[in-house]
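Here is what each chain is made of, one letter per residue.
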Amino acid sequence: MASEEILVFTTIGDRDMAEEQISEMLEQGIIVSGTIFPEVELVYLWEGKITVDTENKILLKAKADKYDAIEEYIKKHHPYIAPEIIRMDVSFGSPTYKAFVADKIQKNS
């Protein structure tokens, strides 16, 4: 059985844009919350050279049935040609936290 909860990871270079996009997704009711891990370092190979950049890692918490809307939002509003979008099916853990999340979802629906 698939999980009802998901985490979606993405990245974005601009901190203000990250906050704006999380706020818009909250207002649209497609996520429960978003966490910004500021200025993480990304090390990758680009055109044969090792490159180091900084970006903001974003963690979105949501119900699984909202994934398509989240992916669509990111693709539409993201400045990258091919933004990172990683979905993880999860359980939000402790009964107390799960109840808190369920209450937030109900109030925002």
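Note that the coordinates shown come from a computational prediction; the quantities given were computed from them, not determined experimentally. (Residues numbered from 1 in each chain as written. Predicted model: local features only at pLDDT ≥ 70, side-chain atom pairs only at ≥ 80, totals over all residues. Heavy atoms only, no water.)

Bringing the pairing of strand E3 (residues 49–63) into the picture now. Summarising the sheet, strand E1 (residues 5–12) and E3 pair through eight bridges and their orientation is antiparallel. Across the sheet, the residue bridging to Ile 12 is Asn 56, located in E3. Two elements, strand E2 (residues 33–46) and E3, share 12 bridges in a ladder whose sense is antiparallel. Among the inter-strand pairings, Glu 41 is bridged to a residue of E3, identified as Thr 54. Hairpin connection between E2 and E3: a loop of two residues separates the two successive antiparallel strands, and Glu 47 in this loop has a positive phi of roughly 50°. (Pairing = 2+ DSSP bridges. Helix = DSSP H or I, 4+ residues; strand = E, 2+ residues; numbered from the N terminus.)

Topologically, Thr 11 is positioned in strand E1. Only 3.4 Å separates the side chain of Thr 11 from the side chain of Glu 55, close enough to count as a polar contact. The residues touching Thr 11, leaving out its near neighbours within four places in the chain, are Glu 55, Asn 56, Lys 57, His 78, Tyr 80 and Glu 84. (Polar contact = N/O pair within 3.5 Å; in protein donor to acceptor, adjacent residues only side chain to side chain. Contact = heavy atoms within 4.5 Å.)

Ranked by internal contacts, the top residues of the largest apolar core, which has 17 residues, are Ile 6, Val 8, Met 25, Ile 31, Leu 60 and Ile 70. Within the residue set of this core, elements represented by two or more residues are E1, helix H1 (15–28), E3 and helix H2 (67–77). Of all the elements, H2 adds the most residues to this core, at four residues. Beyond its immediate chain neighbours, meaning those up to four positions away, Leu 60 contacts Ile 6, Leu 7, Val 8, Ile 22, Met 25, Ile 31, Ser 33, Gly 34, Ile 70 and Ile 74. (Core = buried A, V, L, I, M, F, W, Y, C linked by side-chain atoms within 4.5 Å. Buried < 20%, exposed > 50% of the residue type's maximum accessible area, 1.4 Å probe, protein only.)

Looking now at unusual backbone geometry. At Glu 39, a residue that is not glycine, the phi angle is positive and equals roughly 45°. Take Glu 39: it is sitting in strand E2. Glu 39 sits in the exposed class, given a relative accessible area of 61%. The backbone of Glu 47 sits at a positive phi, close to 50°, despite the residue not being glycine. Given a relative accessible area of 69%, Glu 47 falls into the exposed group.

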